[in-house]
Every structure is written in structure tokens, then in C-alpha cells.
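Report on the structure
The lines below spell out each chain.
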Amino acid sequence: MTEISLSARLRFESEVLPHLDAAYNLARWLTRDGDDAEDVVQDACMRALRYVGTLRTGGARPWFLTIVRNAFYDWVARNRPVEIAADRADAIDDATDLDALSPEQEAVRRGDAQLLSDALQALPLQFREAIVLRELEELSYRDMAHVLGVPIGTVMSRLARGRAMLRRMPSLQPVHDVVQTRRQS
Amino acid sequence: MKCDRVRPLVEPYADGELPAWRRLLLARHLIACPACAARLEETRSLRDRIRAEIPRFAAPESLRASVMAMAGGPSSRASSRSRPDYRWRWTAAGALAGSVLTMFVLFAGNAIQDRRSNEDLASVAVNAHVRATLGNQLTQVASSDQHTVKPWLSARLDYSPPVRDFAPDGFPLVGARIEYLEGRPVAVLVYRFREHNVDVFVRPNALRFGLSEPKTIRGFHVLRAEGQGMDWVAVSDAATEALAPLLRRLAEGS
């Protein structure tokens, strides 16, 4: 490994490290596993240390999250190639196409997921990352576009689609609907 | 405006991402159109539920430690046997001076901002409390011993909040964790009161919590007190009358 300069280390410590929780949270929701998330974040930190010179002051959060996301996609290509194949750019169509859904995704689509966090876990990658960045990390559309590497219009449509899928959960339906369904059954 | 043209704008509106003139147009439409207004309400309530029910995972200590080591954190730097290098010292002194200045600017800026975001703080604190309860992550350090909890917090914050156990008064200390409020780490002392969990957010007076009077949000009570150079905010589903004595003891240090 090449030697990292002291100024890079100091910069990493003062500007990047404060976002370690955000990085871990993103990685945790992307990998859906604690140990895997740690691997991804460690890899991301190595990269961040190496490239901290390209960081513009003040923009550390989206910058670091972009690196985490890239590290994740490299990790997933190595470790779970199936997932990425099932989740390519045409996932927007897949999300509405019954045949293309995994059992968990199908549960969300039918509104069977019991907990909101289960529903989020089961969302296809593209929508999951959009929801996590927006609702948990509270990134602006512009920062999201930067992290996801897509235009703002695409950010908006992914968010809308992700939210629509989450809203299908039964507990999110208006109360009187649920009561009526219970009575009928 | 027509509904089908408005619909795609409702979520960006809820996200606060529309420019002012479009926001105005949309606000007018929302008054006249129950369907679009309902959609807005749906978007907002989904967001509230996501923030309340979905845990935001915090980096485990093991990860933080290994990353610190990777970056040549304080421990590994201290153990290196190299003779003193004055250039390094100057760099460090410069960085320190810079961060002191930054902290000062942040403090001053935040004091002003806090006053404006008055109402938000209570709901942010409640959301943090609910998230921690649901995610079963109330404490990152679980101990009723103040001599364990206090150093744990000091090591992770740029201030050192007073920590005391009030078990004899019915408020046993359970532990503590760190939350991020307004982008900054804040100490949270966790107490029990009968069957209730009580979160107490503590930060220095200079960073006052913007909360002028007690509030109740979704059945959670939020109270604030000042004392010992700190600002204290308690969040719990226990009754306000029960929380007040705990907060008073903490703030008065008695």
C-alpha cells in the first residue's frame, strides 16, 4: 500500500470520519447484513483515505456516501452477482412485473410485509438506496443525484416508485379499510 | 393547474425541493384539490413513519476502531517511536486552531439557527427516542455505573456531560448512547422510570436546545432544563410530572 500523507489522514479524520455512521447505515441497508456492511465501509474508508485530496471542503457527506455506494457495488459484483443481475436499470419495470419479483418483493407488492423495515429490506436495490438516502440520511435531491450518478429527474422517479411500494403495506392503508378487510375475513 | 400536471410535483413539494414560485402555485392547487392534498398527506405520514420505525444503524465500535487505526488514529500515532518532528507539530497546531475556529463559527451559527428551528427539535428528539426503542438500541454503553458511562461519552464527544445514577430516587441509570442532532453528536443518558425508558439529551449551554416549553408529540413528553453549564432535554412516554424531578436533579446536580 502506498504511504498516506499526514495531511490526508488529518483531513480524513476531521471531515470524513464524522460521517461514519451515515456510511455504515447506507452499507447496512444495501448489504442487509452487519458484517458485510463493515467490509464495505472498511473498503470505502481505504478509498476515501487515498482520494481525500479530491474532496472539496464542505461536501464530505455526499462525497463519502458516493464512495461507500461504489464500494458496495464492487462488493456485490464479487459476492452476490445474482442480486445485481436481478436489479439492473430496468428494475423500474421489473418492480411492477410479477414474474421478476423475488418472494420478499412480492410480499411487499401484495402488502404482506409486516413491518416497514421488512418492506424496505425487500425493496429492489435502486429504490431502497433512494429511500435510505432521502428519508434516513436526509440528502437533498442534488446530493442524491451526485451519489447515485443519475439526473435529478431519475432521483424523483425512483423515490416516487419506492414510496409507492412501501405504501402498499397493510398497516399504511387508511384505518377503515383495514377494519373492513378484517370483518370480511 | 391540472391535477395530472401537479401530481409529480407533490412529493418534491413534501420534500421541500420545489422552487418558491412553484411552491406557491402548488399550495394554491392543494387548497382546491382534496385528491392532491390527500396525496401530500400520505407522503408526509409515510416519511414520519419511516423516520420513527426504521432504525438508522450506527457504526459498531469495532468498525470505528479499525477505521481509526487505518487512518493512524491517536493510539497508533502515540505508540510510534519516531523522534519528535516539529513540522508535524505545527501542522497539528494549525489543524487544531482551524478546528477551534470552525467550532466557534458553528456554535455561533447554530445558536441563531436553533432559535428558528424551535419546534423541530422536540419531534427530532422524539423520533430519535422511538427509533432507538424500536431498534432495541437504547444504549451503546450499558452500565449503571457513572464512572463507566462518563468516560465512554467523553471519549466520543468534545464535551463531558455530568453523569449520575438516581436509582435511590426511582430513576436507575441504564447507560448512554450518542445521537446525531442537527448533524452533531449529542450525549443521551438513558434512565428507567418504572416500565418507561427515559432519554435525556445533554449538550453544552452554548448549543441550547430550541425548546421553549414542554411539548407532547404522539404521546411522548419532551421537557427542557438548564444547569451545570449544560442544556438538558428529557424524552419519554412517562408522565411529565414524573420526568420533571429527574430533570431538575440532573440540571441542579443535586
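For the structure itself, look to the data block above.
Residues numbered from 1 in each chain as written. Chains lettered and ligands numbered in written order. Predicted model: local features only at pLDDT ≥ 70, side-chain atom pairs only at ≥ 80, totals over all residues.

A tally of regular secondary structure across chain A gives twelve helices and zero strands. Along chain A, helices and strands appear, N-terminal first, in the series α-α-α-α-α-α-α-α-α-α-α-α. The buried share of chain A, taken over its 185 residues, is 40%. Taking contacts inside chain A between residues at least 6 apart in sequence as the whole, the part at least 24 apart equals 66%. (Helix = DSSP H or I, 4+ residues; strand = E, 2+ residues; numbered from the N terminus. Buried ≥ 20, exposed ≤ 12 C-beta atoms within 10 Å, placed from the backbone. Contact = placed C-beta atoms within 7 Å.)

Once that is clear, we can look at the sheet that holds strand β1 (residues 141-142) of chain B. Residues and elements named next belong to chain B. The sheet built from seven strands is open, its strands ordered β1-β2-β3-β4-β7-β6-β5 with antiparallel pairing. With partners counted over all chains shown, the strands left at the sheet margins are β1 and β5 (215-217), one partner each. In this structure, strand β4 (residues 196-204) lies alongside strand β7 (residues 230-236), joined through seven bridges in antiparallel fashion. Paired with P204 across the bridge in β7 is M230. (Pairing = 2+ DSSP bridges.)

Across the contact, 31 residues belong to chain A and 30 residues belong to chain B. Going through the elements one at a time, α1 (6-16), α2 (20-31), α3 (34-51), α8 (116-122), α9 (125-136) and α11 (152-167) of chain A are the ones with two or more residues in the side of chain A that touches chain B. Counting residues per element, the side of chain A that touches chain B draws most heavily on α1 of chain A, which supplies seven residues. When the residues that make up the side of chain A that touches chain B are grouped by side-chain class, the tally is 18 nonpolar, five polar and eight charged. (Nonpolar A, V, L, I, M, F, W, Y, C, P; charged D, E, K, R; others polar.)

So, on to the nonpolar core. A23, A27, V41 and V68 of chain A are the most contacted members of the largest nonpolar core, which totals 53 residues. Here V41 of chain A is in contact with A23, Y24, A27 and V68 of chain A together with L63 of chain B, once residues within four sequence places are set aside. Membership of the second largest hydrophobic core comes to 41 residues, among which are V163, V186, A187 and L223 of chain B. (Core = buried A, V, L, I, M, F, W, Y, C linked by C-beta atoms within 7 Å.)

Okay, helix α1 (residues 3-14) of chain B next. Over its twelve residues, α1 of chain B runs 16 Å from end to end, which matches the ideal 16 Å to within 8%, given 1.5 Å per residue. Those residues of α1 of chain B that sit buried are V10, E11, P12 and Y13 of chain B. At its buried positions, α1 of chain B is contacted by α11 of chain A together with α2 (20-32) and α3 (34-53) of chain B. Note on α1 of chain B: the residue one or two positions beyond its end, G16 of chain B, has a positive phi of about 70°. (Expected span 1.5 Å × (residues − 1).)

Residues and elements named next belong to chain B. Note: β1 against strand β2 (residues 173-181), two bridges, orientation antiparallel. Within the sheet, the bridge partner assigned to A142 lies in β2 and is G175. Two elements, β2 and strand β3 (residues 184-193), share eight bridges in a ladder whose sense is antiparallel. Looking at the pairing, R177 lines up with V188 of β3. Between β2 and the antiparallel strand that follows it, β3, lie two residues; E182 among them carries a positive phi value of about 50°.

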